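Chains, contacts and geometry: an overview
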Amino acid sequence: MKVMIIGGGAREHTLAWKIAQSPKVKRIYVAPGNAGTGLAAHNLSLRPTDIEALGKAAQEKSIDLAVVGPEVPLALGIVDHFNDLGIPIFGPTKAATQIESSKVFAKGLMQKYGIPCPKGVAFSSYSEAQKYLQKQQPPIVIKADGLAAGKGVTVANTMEEAEKALANSMKKKIFGPAGNKVLIEEHLVGKEVSLLAFTDGKTVIPMIPACDYKRVFDNDQGSNTGGMGSYSPPSFFNATLTQKVTQSVLTPAINALTKEGMPYKGVLYAGLIISDGEPKVLEFNARFGDPETQVTLPRLKTDLIDILLAVINDNLDHIDINWSSDACVGVVMASAGYPGSYKTGFFIKGLDKLDEDILVFHAGTKSDESGNIYTNGGRVLTVAATGKNMAEARNKAYRNLPHIYFEGCHYRQDIAAREIT
Ligand code: GLY
């Protein structure tokens, strides 16, 4: 098979790494990829948002299967476009992707179908939203409706912060049209976990749970990022909770989308909070998580191609999905200044100094003709390790991280620490 992966982050490098293990796969293309995918596969210099060009390239290269990493091409309708071209593609349609691309849509769906989630009210009028906000007590959550590259959610601890977030979204339009509508939500306290599932629209098979770390600094200090690390499995999320979330969240959401005339196929990602012992949905995403993928796919024993094809061919009920009992920890190395502004082009040294079983998934990297690798983004690498338990996985990752260096690099020291102490 020839496979095309769309995206250029560490999630897509992990997908390429896992797909390359399938005996069914002869060639992998990644568009646009990074220096890491360039070593494991063939990079195509195409933007993930240019769905016409991606479709053309897939036809020219006789692609047998396309896999979409990021949300933006899904929201632009890449799956619909590839379906029209007759190219098998893994992911939901544009209509079904609304579960991620519109927070107002997702909340309405959850409220209509009784899927547990924080209380929330949607607004398209700034003055109505302001009036409602005045009657609330902080902390309160303000969410821009559309895709905002992970920056659209504000947990406001004061009324001033809440008002500012509302004005930024609806008046100043800092997210563009994505902020025309907002959700104002109650703030829940609890442990957060990501549970993703494969689905062909009928069968729903949960993956193993994972936790990600969104703040830039240790102890969840500093700004939100695209994710600074992750681990799997979290000890507080057992098989009973997985079963409960499958029954009360994942399956009802898939059935609801079918009822609404937008059947869903691909990966459904539930971002959950366990509040007073009850899992509630903070967000849905329509794709694999980043950096969750970097710590879940290393634990997947089943051929990923078999799963992806079963989803596309509507026979997921014929597949057994097996996971290793190992633990996995992934730590993101980022550029100085990230998630604010940062410089790129710094030489990355030490990648050849790591223990053999350390996994390095590239994100913002590029290489020169001699094979030297340089930084090319905010999040640069995810360094991941597996072990027979969390302490072993964590020790392996943190023992190897200091061998890698680029100017200004930083990473959190506390990924999975709460599982050890
Ligand atoms: N880990 C958060 C996300 O993938 O959106």
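Shown above is the structure to which this text applies.
Residues numbered from 1 in each chain as written. Predicted model: local features only at pLDDT ≥ 70, side-chain atom pairs only at ≥ 80, totals over all residues. Heavy atoms only, no water.

1. Quick notes on the sheet that holds strand β5 (residues 89-90)
We count it as follows: Strand pairing is assigned whenever DSSP detects at least two bridges linking the two strands. In this description a helix means any DSSP run of H or I spanning at least four residues, a strand means any run of E spanning at least two, and both kinds are numbered starting from the N terminus. Only heavy atoms matter for contacts: two residues are in contact if any of them lie within 4.5 Å across the pair. Helix axes use the C-alpha atoms of the stretch in contact, all axes being lines fitted to C-alpha atoms, and the angles between their N-to-C directions lie in the range 0 to 180 degrees.
Overall, parallel pairing links the 5 strands, which are arranged β3-β2-β1-β4-β5 in an open sheet. Each of the sheet's edge strands pairs with one partner strand only, and the pair in question is β3 (42-43) and β5. Across 2 bridges, the pairing between strand β2 (residues 27-32) and β3 is parallel. By the bridge assignment, V30 is partnered in β3 with N43. Sitting on the sheet, helix α12 (residues 304-312) touches β1 (2-7), β4 (65-68) and β5, and the angle it makes with β4 is about 95 degrees.

2. Some remarks on the packing of helix α3 (residues 51-60) against helix α5 (residues 78-85)
Basically, it comes down to this: When the near helix sits turned anticlockwise from the far one by under a right angle, the crossing is termed left-handed; a clockwise turn instead gives a right-handed crossing. Each residue receives one of three labels: charged for Asp, Glu, Lys and Arg, nonpolar for Ala, Val, Leu, Ile, Met, Phe, Trp, Tyr, Cys and Pro, and polar for the others, Gly being one of them.
Where α3 contacts α5, the axes come no closer than 10 Å and their chain directions differ by 35 degrees. You can see that α3 and α5 cross each other, and the crossing is right-handed. Note on element contacts: α5 touches α3 through I78, H81, F82 and L85, opposite I51, E52, L54, G55, A58 and Q59. Across the contact of α3 with α5, the residue classes break down as 6 nonpolar, 3 polar and 1 charged.

3. What to know about the packing of helix α7 (residues 103-113) against helix α10 (residues 239-259)
Our working definition: Angular relationships are summarised with four words: roughly parallel below 35 degrees, roughly antiparallel beyond 145, roughly perpendicular across 65 to 115, and oblique for the angles in between.
Axis separation between α7 and α10 bottoms out at 10 Å; the angle between their running directions is 100 degrees. What the angle tells us is that α7 and α10 run roughly perpendicular. Of the residues in α10, those touching α7 at F105, L109 and Y113 are A253, A256, L257 and K259. Residue composition of the contact of α7 with α10, grouped by class: 6 nonpolar, no polar and 1 charged.

4. Considering the nonpolar core
The condition is simple: Among buried residues, those of type Ala, Val, Leu, Ile, Met, Phe, Trp, Tyr and Cys that are joined through side-chain atoms within 4.5 Å constitute a nonpolar core. Any residue under 20% of the maximum accessible area for its type is buried, any over 50% is exposed, and the rest in between are partly exposed; the area is computed with a 1.4 Å probe on protein chains only.
Judged by nonpolar contacts, the single largest core of 75 residues is most densely connected at I78, F82, I99 and F284. What F82 contacts, discounting residues up to four positions off in sequence, is M4, I51, L54, G55, A58, A66, I87 and I89. If you look at the next biggest cluster of nonpolar residues, it comprises 33 residues, including V3, I205, F288 and I305.

5. A short note on the site of the ligand
Threshold: Nearness here has a simple test: a residue counts as near a molecule or strand if at least one of its heavy atoms is within 4 Å of that partner. Any pair of nitrogen or oxygen atoms within 3.5 Å is treated as a polar contact; in protein, a donor-acceptor pairing is required on top of that, and neighbouring residues in sequence qualify only through side-chain atoms on both sides. Where accessible areas are quoted, they stem from the Shrake-Rupley method and a 1.4 Å probe; at the residue level, only the protein chains shown are allowed to cover.
Every residue lining the ligand is accounted for by D212, Y269, N285, R287, G289, D290 and E292. In this structure, R287 approaches the ligand through a side-chain N or O atom, which is 2.8 Å from an oxygen atom. Between the ligand and the protein, one listed contact pairs an oxygen atom with a backbone N or O atom of D290 at 3.0 Å. Look at the ligand: alone it shows 200 Å² of surface, and the protein chains cover 87% of it. Residue composition of the shell around the ligand, by class: 1 nonpolar, 2 polar and 4 charged.

6. Quick look at the pairing of strand β17 (residues 359-362)
Residue alternation in β17 divides its side chains into two sets, L359 and F361 and V360 and H362, and both sets are buried. When β17 meets strand β20 (residues 379-387), the two strands line up antiparallel, connected through 4 bridges. By the bridge assignment for β20, L359 is matched with A384.

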